[in-house]
Amino acid sequence: MICEEVKINLHDYIDELLDDLTKREVEQHIRNCDLCFKEYKKMIVFFDQLKQLPAIINPPKDVLDLVKTELMRIHGLITHTDQQVSLSDSRKIQKEKHIQEKILRKEGAPLRKSRVTKGIYKKPYNPGPPAEVKRLLLTVLPLAMIAFAYFLYDFQKYNYPWQIVSTIGNLVVDGRNVNDDSWDQGEILSTDDESMAVVHIPLVGTMEVGNNSVLLLDRAKDGANKVTLKQGIINLINNRDMPDFSILVNGFEVISRGGKFEIENLSLLGAKLKVGYAFVEIEHNGTTYMVDENHTCILKKGFRPGTPVNSNSSDSMRAAVAAFDFEDGGEEAVAKIISFANEQDMLTLLALIPFVSQLQRQIIFQEISNRFPPPESVTRAGIIRLDKEMLYRWWQEIEWQL
Amino acid sequence: MSTENTTYINYLIEISKSGRHRGFLDLCEIILPNVYTVVFRLLNDEESAKKITVKTFMQAWHQMKYFDVKKPFIVWIKSVAILLSMEELNKTASLFQMTLSENETKGSKRDLDSLIKTLPTLNRIIFVLHDLEGYSYKEILQFFPDLIEDELKTNLIQTRQHLIGNLTQ
């Protein structure tokens, strides 16, 4: 292949349009030709710069209003009746916008082409050091560099001390009486019946600590922050979409997935987790349990996490769920739960499925389907045999509608 | 170019097809940045981009009942936006009137964004669709029934060489 052909083919190479044989010929030529390698390097710089262009150009704020007005006009509606067309659940819309932007950034042509351009490396002209030394260096150096880079990367993620501010009364941090102070990894923070505090967690948000609480800061590290709630009450407010922050309580790991939640550790009675916004995951014995917003869940030592119950559910519903979870209520309790369940309780029913008999799974499947038909990819047989993927997809389908 | 509809988008499409404004406006809000970006890159002017974006959504609203939910909505609405943008550009001058001249390929060094903005219309459309939006040659040909694939390729290569040659490092 001559240089002119390579110059033309280089564009097809970047556009991933060459067959394997031509592709190899182009690569071979570029590795051995200084002039073409120079051309190729220019392409790398170009596509790198192209990748830097913003994937999204923010539209002017009034575009949507113009669409709205136009819609009103053609349907002869008066602009005052804005409620009829007011935008609905903004959280879902923001989430969808985020998904669309993510797709655009991740799968955008500039990023792909920039990656493809990096496919060819020029063969070194200088033979360099002897082969054995070179081989050794090539093996050891990258490993050493990776290890060092990882060490630096890992080290910069440590984010302690965290700032604590007393909202009322005196706090005790590792035996010291303080008002406003910092909290280091491995230290215990406690409040008494007359004190409360707010903890600022870097890159996560804030944690309100209630009266008579005792907390241990296990790990203060971006992506892996961990606190143990020994007793008392905390309220976590996240500022990030997907923060990595978890709280250990009664042997359960409660993992924050954005939004707000509260945990009250009532010692022998167990801990009560109340999710106010977004959702929370609970890790227990290698299994993950989901708790959606407006749901509560009891975490008792020696049991699996309690079935999540909607905050608006009736007391009878709560009692039936508690009987099933912690008092060996069995089929009778399940029958009660089904009979008390309203639309808001469908995630509770779905969470029960793995723990009931095959017959009751069939009944629960029907009960939920009547209100929230499963998505196309979810089948009755899959749910009955407890297909994790299908259970999760159905959970998602119900979650956004509740 | 393929982007599957999410469950929520499918739901909004369904309710928009049944004539509910609210669902349609929600749908518009979700895909607005996507649509506006391609329109702005093609038209190079904020006012026109705004006008064509609104026009795109209105045309989509009128044709909603014919839309097949199994197809990616974003791909469909973007093709409406591209056609309307091309129609708008054609109003001022024929798309084929200007091409890159020999002189222009050796212009002054500038940053990539301003270089793209000063490309002749046809070169800009092909470059934006292929290298920024990820359309294949075959997909672009659907917007230019009078061109053949080789002409498109030549135009794109010429554009890239012009940009590479004038790019500040």
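This write-up is about the structure you can find in this document. Because the structure is predicted, anything quoted here is derived from the model rather than measured.

### Observations concerning the environment of Pro202(A)
Residue and element names in this part refer to chain A. Its location among the elements puts Pro 202 in the loop between strand S6 (196-201) and strand S7 (205-209). Along the sequence, Pro 202 and Asn 159 sit 43 residues apart, while their C-alpha atoms lie 6.7 Å from each other. When near neighbours in sequence (up to four residues on either side) are disregarded, Pro 202 contacts Asn 159, Trp 162 and Asp 222.

### Comments concerning unusual backbone geometry
All names here are of chain A. Positioned with a positive phi, Asn 212 is a non-glycine residue whose angle comes to about 50°. With respect to the element layout, Asn 212 can be found in the loop between S7 and strand S8 (214-219). Classification of Asn 212 by relative accessible area gives partly exposed; the value is 37%. Despite not being glycine, Asp 328 has its phi angle at roughly 55°, a positive value. For Asp 328, a relative accessible area of 73% corresponds to the exposed category.

### Notes on the pattern of salt bridges
A full pass over the atoms with the stated rule returns 23 salt bridges over all chains. The shortest N-O distance in the salt bridge between Lys117(B) and Asp113(B) comes to 3.7 Å. Of this pair, Lys117(B) and Asp113(B) both sit in helix H5 (residues 112-117), four residues apart, which is roughly one turn of that helix. Of the residues examined, Lys117(B) reaches a relative accessible area of 39% and is grouped as partly exposed. Assessed through its relative accessible area of 34%, Asp113(B) is described here as partly exposed. It is possible to trace a salt-bridge network through shared partners that takes in Asp15(A), Asp131(B) and Arg160(B).

### Some details on the pairing of strand S1 (residues 162-168) of chain A
Residues and elements named next belong to chain A. Summarising the sheet, S1 and strand S4 (residues 181-183) pair through three bridges and their orientation is antiparallel. Note on S4: the bridge partner recorded for Trp 162 is Trp 183. Where S1 and S6 come together, five bridges link them in antiparallel fashion. Along S6, the bridge assignment pairs Ser 166 with Ala 197.

### Things to note about a nonpolar patch on the surface
Residue and element names in this part refer to chain A. Side chains of Phe 148, Phe 151, Leu 152, Phe 155, Tyr 158 and Tyr 160 sit close together on the surface and give an oily, nonpolar patch of about 660 Å² of accessible area. Looking at the element boundaries, Phe 148 is found in helix H7 (residues 131-155). Relative accessible area serves as the criterion here: at 52%, Phe 148 is assigned to the exposed category.

Each value, and the rule that gives it
- All chains use their own residue numbering, which begins from 1 and follows the written sequence.
- Here every chain gets a letter starting at A, and every ligand a number starting at 1, in the order they are written.
- Where totals are concerned, whole chains, interfaces and linings use all residues; where local detail is concerned, this predicted model gives features only for residues with pLDDT of at least 70, and gives and counts side-chain atom pairs only at 80 or more.
- The side-chain values count all of the structure's non-hydrogen atoms but skip hydrogen atoms and water molecules.
- Secondary structure is summarised from DSSP: a helix means a run of H or I of at least four residues, a strand means a run of E of at least two, and numbering begins at the N terminus for each.
- Contacts are assigned to residue pairs that have any heavy atoms within 4.5 Å of one another.
- Note on classification: 1.4 Å probe, protein chains only; a residue is buried when its accessible area is under 20% of the maximum for its type, exposed when over 50%, partly exposed between these limits.
- Each reported salt bridge corresponds to a side-chain nitrogen of Lys or Arg within 4 Å of a carboxyl oxygen of Asp or Glu.
- Strands pair, by our definition, only if DSSP identifies at least two bridges between them.
- Like-charged residues are merged into a patch within 9 Å and nonpolar side chains (Val, Leu, Ile, Met, Phe, Trp, Tyr) within 5 Å, provided each residue has over 30% relative accessible area and no salt bridge.
- Accessible surface area values rest on a Shrake-Rupley calculation with a 1.4 Å probe, where residue burial reflects the displayed protein chains alone.

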